[in-house]
Each structure stands twice: as structure tokens, then as C-alpha cells.
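Listed below, chain by chain, are the residues.
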Amino acid sequence: MGSTSAENAENNGTAGVGRRDLIKRSAALGLISVPTMSFLSACASGGGDDQEKAKSGEKTAKNPLGVNDSAGMEFVLFDGGFGKEYAEDAVKIYEKNFPKVKVKFSATQKIQSTLQPRFNQGNPPDLIDNSGAEQMDMGVLVGKNQLADLTELLDAPSYDDPNKKVRDTLRPGIVEMGQFDGDKVWILYYAYTVYGNWYSQKALDSLDAEYPKTWDEMLAVCAKAKKKGMAGWTYAGKYPYYIPFSMYPMIAKVGGAEVLDSIDNLEPNAWKHPAVKAVFEAYYELYKKGYILKGTPGLDHIQSQTAWAKGDALFLPNGSWVENESAKVIPADFQVTVSAPPGLDSSDKMPFGTIWASGGEPFVVPAKAKNGAGGMEQLRIMLSEASSKNFTSKVKSLTAYNGGTDGIELTPGLKAGVAALELAGDNVVNPRLQDWYVQLQKEKIGVAGLGEMMAGRLTPAEAIKKIQGFADEAAKDSSIKHYKHQ
């Protein structure tokens, strides 16, 4: 999800009674529309006159992909939480390496509406950062053969070391994330995002509290906050698919990572698993007890982040782009911190620290790009150590490049993210719904399901039933290409 942000983020029983028995249910929100599947599908449909491909250049040690050194290259970036300066800097390197070329670079938040007509006409750009609220449906693009296989890029010599392939410089899981079915790699996730509960360490200290490891402790911290006039939580109410950034890893912690896999696989009754029910009921308790900032369902991501930065709410489910995106409103002494979600009780299947971290900011090269080799070369440049360090230092986030932090003074949020990854160890989960089934995850599960429940217009049981229905519809829809964990 990368900067979805620019739309447009324990083991403790209770006196002999499990946490699951204590959490109560009750009633639940209004539907905000986002791009529909038909609109997304249209973006990936064929038609139009394909543009003429640029001729290949000579493959050399400095030009391993055989880029035509006089062919133009077009790069469209999502203008989100990471800004555009890091990409503009990488473009300058491309133009320096190919002095006859002027890159046509642009940034927009309207990825889908801007690029849909061009896919239909057969003249898409050479490189696209496909992110944000108007992200094109990745599953549809792959299913309609609209993307180029990036294996040639991954097998090319890395920018810094000709004896090391690009794929060998990437963080674990990045290559696999770009695969949908088989060995071909359709997407290169450039950022490496840590998701979880973000908060001000200073604010937590002011409550004389530690970060909660169990849901009982979470509710106790929220009660303390409420007494001091601070809400326990807020979130992007208009984009409630931010809630899963902490909810999904909590489901995995409670029931095991296989629960998320079954959800991703659209298996029958996957959403009816006891772990899902328990976690839904836990989150719903935040609403029932009045621990969510008043008016949150009507807030967008910027408004909720601003309220959080001002100290109106303690916890915010989000991704690691939030520190950069909210930099102008976060006080200097805020001490941005992220932690993994709490658990429920001693029967949780995974340890405290279980977190969602994965590639974010999905870059793609269209199959019908005029200069696809140029688009891949731009990515190869971006995956150099220098470009990676530039990104990290400017936008306060890690990249897919496995390193790039030496010599950089890490910001509080980035330090916290690295610490959270170290605590998690192997207990890192990576739900795939958001890139396999964009509309299902955002519009249906997020807005029509979780958004409704967290605003009090659906009970957890009703939300689960509704979401399971959405998943079953997607599983039966023959027009959708389906994917499964291998």
C-alpha cells in the first residue's frame, strides 16, 4: 500500500476467564464510495493502437538491460506520503547516464483515472508507481497480461556490484511479493513498510503507562487516556482499510499466520475463524467504551493523522510513511513510535511482537510500454545503495534494498520500525488481499465491513457475515483471476 497515505498503518488470562469470554458485542457506519471493480477492470482492458516499441540498445557492463540511449522514457509517480523528490533525484541519475535522453516525469494522486485511458489506448508510460486510493487493481493487471515480467531486471547485475544480481540485494520477501502465480515477477515493491500501532512515546509516558501487550492492558491505557481528555484511538475513517494494519497481524497472533493465508486464499468460512471473531470483538470494544476519537468515521487519513499528532488520540493504525507524511504537524518532542498489536490471552498462537511488514509502493512496467527497458533501468538505479540511502534519509522509510541505513541518522519512527522488526524476528506476516484483490480489501472489507463496525452500525457478528459474503462472491466470480499462497 505504500503511501496509500496520500489518498488520497499478551499472554495474559483474566482471573480464570479468557479474554474472548469477556469481550462483548453490540451494534454499527456509513458507506463511503471508492473506485469500483468495473472501473478498475476497464483500466486493464485491451483495445486501442499499441505504441511502437523503442529499439533495443547495445548491452554492455554499464548498460546490462540494453537501454536505447536515445529513446525517451516516461515515469509516472504516485504523489503520496513519500513525496517525489527521491524519484526526481533518481531520474537525474538516469539522465546523467543517458545524456541524450530527457525523462518525462510526472507525479499524480490520480493514478487510475490518469492512466486508464492510456492502457486502453495501448500507450502507457514506461514506469508507474501504482499506489494510492486510485491504485489500479494489481490482480486485474496481471490477469489481463498488462504488465511486463521483471525477471530480466532482477537477474541483471546490481547497480553497485556487477558480481551481484539485483535480486540478491533485496530484502527477504520482496521478490515473492511481486509474484502472483508461478515464477514471473510483475511488481517491484520499492519501499519496505512497517505497519502497526503508531503513537507518541512522550504521550504514553505522560500517562505513566507502558505499551500494552494484551487487550486488557490496551483498554486500561485507553481508560487512562480518556481521563486526561485524550482518545485512545483514531484512524482514517473515510479509508477504514487502514484498520487492518494492526488488526490483521493481531488475527495472526491470536490464531496463527495460517488464518490470514486462508483469508487470502478466499477459502470458505475463513472469516468465521474464532480468531477473527475474537479480534473483531476486541476492536469493537474500543467503540463501545468510547475510546475512539469523536468524529473519526468522517476523517480522512490526513485529518486523523493531524489529530493524532496534536495529541487528540494516542494510537493510530498506519504504515511507516506516516512519519514523513505528518512531519509538518508532528511536534519535535513527539517521539514517533510503532509497536506490534497486543494479543488477547495466553492461548495466542504467536508471540508478542508479531507484526505486518512488507514491500510497499508497487512499481510496474507496463507490457505495452514503449521503452520498458528504460523503465527497468530506472528501477535498477533506484535500487542502488546511494538511491536507497537518499530515499531513507528524505522520507524516513526503508527501501527494498537490504541495507542503505549505514551512516544515516535514523528518525524516531524509523528507529522504532527497525526495533519492531528486530523484536518480531521470524514472526512477520504479509497479508496479500491488498494486492491480490484491491476492491475486495478496500471497498468491501474496509469500507462496507470494518468501517461500518467501528462506527457502531454493524455488530462484529454482522460484519463477519457481511465480509464472508464479499469473499465468497469474489471466490465465485469467474471474471476475477484468483491467487493462492503456494
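What you see is a predicted model, and the numbers here were worked out from it, not measured in a lab.

### Comments concerning the overall build of the protein chain
Then comes step 1: Looking only at helices and strands, the protein chain features 20 helices and 10 strands.
Then comes step 2: Expressed as a percentage of the 486 residues in the protein chain, the buried residues total 60%.
Then comes step 3: Of the roughly 18400 Å² of accessible surface on the protein chain, a fraction of 49% belongs to carbon and sulfur atoms.

### Structural notes on the pattern of salt bridges
Then comes step 1: Counted under the stated rule, the structure contains 15 salt bridges.
Then comes step 2: Close ionic contact of K102 with E95 constitutes a salt bridge, the shortest N to O distance being 3.8 Å.
Then comes step 3: The exposure class assigned to K102 is exposed, which follows from its relative accessible area of 63%.
Then comes step 4: On the accessibility criterion, E95 (18% relative accessible area) is buried.
Then comes step 5: The partner of D155 in a salt bridge is R167, and the shortest N-O contact between them spans 2.8 Å. With D155 in helix α6 (residues 151-155) and R167 in the loop between α6 and α7 (174-177), this pair connects stretches of sequence that are 12 residues apart.
Then comes step 6: Each member of the salt-bridge network shares a partner with another, and the members are E85, D89 and K394.

### Describing the environment of F245
Then comes step 1: Counting through the fold element by element, F245 comes out in helix α10 (residues 244-255).
Then comes step 2: Overall, F245 belongs to the buried group, its relative accessible area being 0%.
Then comes step 3: Measuring from C-alpha to C-alpha, the distance between F245 and L316 comes to 9.7 Å, with 71 residues separating the pair along the chain.

### Quick look at the pairing of strand β6 (residues 313-319)
Then comes step 1: By the criterion of burial, β6 is predominantly enclosed, with seven of the seven residues buried.
Then comes step 2: As paired strands, strand β4 (residues 188-200) and β6 are joined by four bridges and run antiparallel to one another. Note that in β6 the partner of W198 across the bridge is L316.

### A few points about helix α12 (residues 274-288)
Then comes step 1: With 15 residues, α12 extends 20 Å between its outermost C-alpha atoms, agreeing within 8% with the 21 Å of an ideal straight helix rising 1.5 Å per residue.
Then comes step 2: Burial in α12 covers these residues: A275, V276, A278, V279, F280, E281, A282, Y283, Y284, E285 and L286.
Then comes step 3: Positioned one or two residues after α12, G290 has a phi angle of 75°, which is positive.

### Considerations on the packing of α12 against helix α19 (residues 438-454)
Then comes step 1: Packing of α12 against α19 leaves a shortest axis separation of 8 Å and a crossing angle of 50°. One element, α12, and the other, α19, form an angle in the oblique class. On α19, the residues that touch F280, Y283, Y284 and Y287 of α12 are L450, M453 and M454.
Then comes step 2: Tallied by class, the residues present in the contact of α12 with α19 amount to seven nonpolar, no polar and no charged.

### What to know about α19
Because the α-helix completes a turn every 3.6 residues, residues three or four places apart line up on one side.
Then comes step 1: Relative to the 24 Å expected for 17 residues at 1.5 Å per residue, α19 spans just 21 Å between its end C-alpha atoms, considerably shorter than the ideal helical length.
Then comes step 2: Along α19, the sharpest kink reaches roughly 45°, centred on G446.
Then comes step 3: Counting buried residues in α19 gives 16 out of 17 residues, a clear majority hidden from the surface.
Then comes step 4: Remark: G456 follows α19 within two positions and exhibits a positive phi of approximately 90°.

### Some points on the nonpolar core
Then comes step 1: Counting 147 residues, the largest nonpolar core has F75, Y86, W215, I251, W271, F280 and Y283 as the members making the most contacts within it.
Then comes step 2: Two domains each provide a minimum of three residues to this core, namely domain 1 (73-193 + 358-425) and domain 2 (195-356 + 431-476).
Then comes step 3: Ranked by size, the runner-up nonpolar core spans five residues in total, among them A231, L293, L299 and A307.

### Side note on the confidence of the model for the protein chain
Then comes step 1: Residues of the protein chain with pLDDT of at least 70 account for 90%, and the chain-wide mean is 89.
Then comes step 2: Across residues 1-44, where pLDDT falls below 50, the model places 181 contacts with residues more than four positions away in sequence or in other chains.

### Overview of the side chain of K396
Then comes step 1: Locating K396 in the fold gives a position in the loop between α16 (385-395) and β9 (398-399).
Then comes step 2: No salt bridge is formed by the buried K396; its nearest oppositely charged neighbour, E323, is found at 6.3 Å.

### Considering the environment of L286
Then comes step 1: Here L286 is to be found in helix α12.
Then comes step 2: The sequence separation of L286 and G232 amounts to 54 residues, and the corresponding C-alpha distance is 8.0 Å.
Then comes step 3: Setting aside residues no more than four positions away along its own chain, L286 makes contact with W215, L219, C222, W233, Y291 and I292.

Thresholds applied
Residues numbered from 1 in each chain as written. Predicted model: local features only at pLDDT ≥ 70, side-chain atom pairs only at ≥ 80, totals over all residues. Heavy atoms only, no water. Helix = DSSP H or I, 4+ residues; strand = E, 2+ residues; numbered from the N terminus. Buried < 20%, exposed > 50% of the residue type's maximum accessible area, 1.4 Å probe, protein only. Areas by Shrake-Rupley, 256 points an atom, 1.4 Å probe, with all protein chains shown as cover. Salt bridge = Lys/Arg side-chain N within 4 Å of Asp/Glu carboxyl O. Pairing = 2+ DSSP bridges. Expected span 1.5 Å × (residues − 1). Axes fitted to C-alpha atoms, helices over the stretch in contact; angles between N-to-C directions. Parallel < 35°, antiparallel > 145°, perpendicular 65-115°, else oblique. Contact = heavy atoms within 4.5 Å. Nonpolar A, V, L, I, M, F, W, Y, C, P; charged D, E, K, R; others polar. Bend = angle between axes of the 7 residues up to and from the residue. Core = buried A, V, L, I, M, F, W, Y, C linked by side-chain atoms within 4.5 Å. Domains from an automatic or database assignment. pLDDT = per-residue confidence, 0-100. Lys, Arg positive; Asp, Glu negative; His and termini not counted.

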